[in-house]
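Overview (structure and organization)
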Amino acid sequence: MKGNNLFSIPCLVRRRLFHSLLMALLLTGGFMHDSSAAQPLRRPLTIRFQNLNGTVYLYMADVAAFYGMAMLVNDKEITYKSRYSTISFTVNNRLMTLNNVQYYLARPIIKNQYSFLIGKSDFELILEPILRPTIINPKRPVRTILIDPGHGGKDVGAVNGKDYEKDINLAVALRLANKLSARGFRIYMTRNKDSELSLDKRTRFANTIDADLFISIHCNSASPSANGLETYIATPKNDPPVGSTTVYKDNCPANKYDKANAYLAFYTQRSILQRTGVADRGVRRKRYYVIRNTNCPSMLIEIGFISSNFELANLKNPVYQEKITDGIVDGVLKYREAVK
Ligand SMILES: [Zn+2]
């Protein structure tokens, strides 16, 4: 394989693919077609796996074949390609780019001898729901949405000069509430004015009204040069959060909706990026209180950095707030379609 950095699916896999294709035709009477991701599926196909230090990894060549995608390898870069999707991975790296959206995997891609491996949970809880939303389970139709502007009252959140995060969160959340309400959703807000509210009250509110979706709005803060968009969902059981290798051994309430969360966060992140052109800091998984204790699909969006003077000017600008909220609405509508 050395000296030839670029190859498509190896012969062996291609032969397997042909056999599985035959099997799929025999067993299902043809190709199954997923309307949303529009990936032609060739199933059933055995995806080989390896158990390394207690973690199950799948052969990436088999995963590519499963999706009917070509797999290209260029040194440390692995690309899956089909007519509909492009996914880029890097060996020893957790960051994946799926159709121009960055997404943090639970585990880095591994090269083991001549094979490239991806964590089984990353296949099941990230790739699968996004590429084949028909497998999202449970499917909870969206009627009631709880919008949660972060902080409030004495808890001002992050600060830059005279500007408080709590005020930006509320302004954006109110816009979002109006837009989603106009789309026929039943909208509640954890707060619609400058009031203080514990994290516990926020999640209990979601569970009391039996919300179908929970959206928390926050602004980020770091060094003055940091900028960009992050969307967070709860970390699944047996996976580590972004930036850590320590896995969670227990389930949190939100884990019932791991697959829904993956799809929701992906399309929300993508839509906001498309609407605003802001830097992409990726979909991330972390067990923030409000997104781990809600009994429904939930996400927390860090809409930008209040600590960046440039982004702060944008975040306060009504035109920019319109773009952000339009992006969130796009994501929610796309998600509603997938689970209806
Ligand atoms: Zn915040």
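See the structure above.
All of the points below concern the structure found in this document. This structure is a prediction, so every number in the text was calculated from the model and none was measured.

Quick word on the overall build of the protein
Within the protein, the regular secondary structure consists of nine helices and 19 strands. Burial statistics for the protein: of 340 residues in total, 44% are counted as buried. Contacts in the protein between residues at least 24 apart in sequence constitute 70% of all its contacts with a sequence separation of at least 6.

A short note on the pairing of strand E11 (residues 115–119)
Counting buried positions over the five residues of E11 gives four, a clear majority of the element. Sheet topology note: the strand E4 (residues 55–59)/E11 ladder contains three bridges and is antiparallel. Note on E11: the bridge partner recorded for Tyr59 is Leu117. Two strands pair when backbone bridges link them, and strand E10 (residues 110–112) and E11 are joined in this way by three bridges, in the antiparallel orientation. If you follow Lys111 over to E11, its bridge partner there is Phe116. Adjacent in sequence and paired antiparallel, E10 and E11 are bridged by two residues, among which Gln113 carries a positive phi angle near 55 degrees.

So, the packing of helix H6 (residues 258–276) against helix H9 (residues 318–339)
The interhelical angle for the contact between H6 and H9, taken along N-to-C directions, is 145 degrees, at an axis separation of 8 Å. The two elements H6 and H9 cross, and the hand of that crossing is right-handed. Contact residues: Ala260, Tyr263, Leu264, Tyr267, Thr268, Ser271, Ile272, Gln274, Arg275 and Thr276 in H6; Tyr320, Lys323, Ile324, Asp326, Gly327, Ile328, Asp330, Gly331, Lys334, Tyr335, Ala338 and Val339 in H9. Residues belonging to the contact of H6 with H9 are distributed by class as follows: 11 nonpolar, six polar and five charged.

Digging into the nonpolar core
Nonpolar side chains in soluble globular proteins tend to be buried together. With 90 residues, the main nonpolar core has Met60, Ala64, Ile145, Tyr263, Phe266, Ile291 and Met299 as its most contacted residues. It is H6 that provides the largest number of residues to this core, a total of eight residues. In terms of domain composition, this core takes at least three residues from each of domain 1 (11–135) and domain 2 (144–339). Excluding residues within four positions of it along the chain, Ile145 makes contact with Leu180, Phe185, Ile187, Ala211, Asp212, Leu213 and Ile215.

Regarding the environment of Leu264
Within the element layout of this structure, Leu264 appears in helix H6. Given 29 C-beta atoms within 10 Å, Leu264 falls into the buried group. Separated by 34 residues in the primary sequence, Leu264 and Ser298 have C-alpha atoms spaced 8.3 Å apart.

Focus on the packing of helix H3 (residues 120–131) against H6
One can describe the packing of H3 onto H6 by two numbers: an axis separation of 8 Å at closest approach and a directional angle of 60 degrees. As for how H3 packs across H6, the hand of that crossing is right-handed. Across the interface between the two elements, Leu125, Ile126, Pro129 and Ile130 of H3 pack against Asp258, Lys259, Ala262, Tyr263 and Phe266 of H6. Tallied by class, residues from the contact of H3 with H6 come to seven nonpolar, no polar and two charged.

Section: the sheet that holds strand E3 (residues 49–52)
Overall, antiparallel pairing links the four strands, which are arranged E3-E4-E11-E10 in an open sheet. Here the strands that pair on one side only, and so sit at the sheet edges, are E3 and E10. Neighbouring strand axes in the sheet, compared pairwise and without regard to direction, differ in orientation by 40 degrees on average. Sitting on the sheet, H3 touches E3, E4 and E11, and the angle it makes with E11 is about 60 degrees.

Digging into the pairing of strand E6 (residues 77–81)
The alternating pattern of E6 places Ile78 and Tyr80 on a buried face and Glu77, Thr79 and Lys81 on a face that is not buried. With five bridges connecting them, strand E5 (residues 70–74) and E6 associate as antiparallel partners. By the bridge assignment, Leu72 is partnered in E6 with Thr79. Hairpin remark: E6 followed by strand E7 (residues 86–90), antiparallel, with four residues in the connecting loop.

Description of H9
Relative to the 32 Å expected for 22 residues at 1.5 Å per residue, H9 spans 31 Å between its end C-alpha atoms, a close match to the ideal helical length. Among the residues making up H9, those that are buried are Ile324, Thr325, Gly327, Ile328, Val329, Gly331, Val332, Tyr335, Ala338 and Val339.

Digging into the environment of Asp155
Tracing the chain through its elements places Asp155 in the loop between strand E12 (144–149) and strand E13 (159–160). With 41 residues separating them along the chain, Asp155 and Glu196 place their C-alpha atoms 6.6 Å apart. The residues touching Asp155, leaving out its near neighbours within four places in the chain, are Lys166 and Glu196.

Details of the environment of Val283
Counting through the fold element by element, Val283 comes out in strand E18 (residues 280–285). In this structure the C-alpha to C-alpha distance between Val283 and Arg270, which are 13 residues apart in sequence, comes to 9.4 Å. Non-local contacts of Val283, meaning those with residues more than four positions away in its chain, are made with Val101, Tyr103, Tyr104, Thr231, Ala265, Phe266 and Gln269.

Procedures and definitions
Residues numbered from 1 in each chain as written. Predicted model: local features only at pLDDT ≥ 70, side-chain atom pairs only at ≥ 80, totals over all residues. Helix = DSSP H or I, 4+ residues; strand = E, 2+ residues; numbered from the N terminus. Buried ≥ 20, exposed ≤ 12 C-beta atoms within 10 Å, placed from the backbone. Contact = placed C-beta atoms within 7 Å. Pairing = 2+ DSSP bridges. Axes fitted to C-alpha atoms, helices over the stretch in contact; angles between N-to-C directions. Left-handed = near helix turned anticlockwise from the far one by under 90°. Nonpolar A, V, L, I, M, F, W, Y, C, P; charged D, E, K, R; others polar. Core = buried A, V, L, I, M, F, W, Y, C linked by C-beta atoms within 7 Å. Domains from an automatic or database assignment. Expected span 1.5 Å × (residues − 1).

Worth remembering: the numbers are spatial, not functional.
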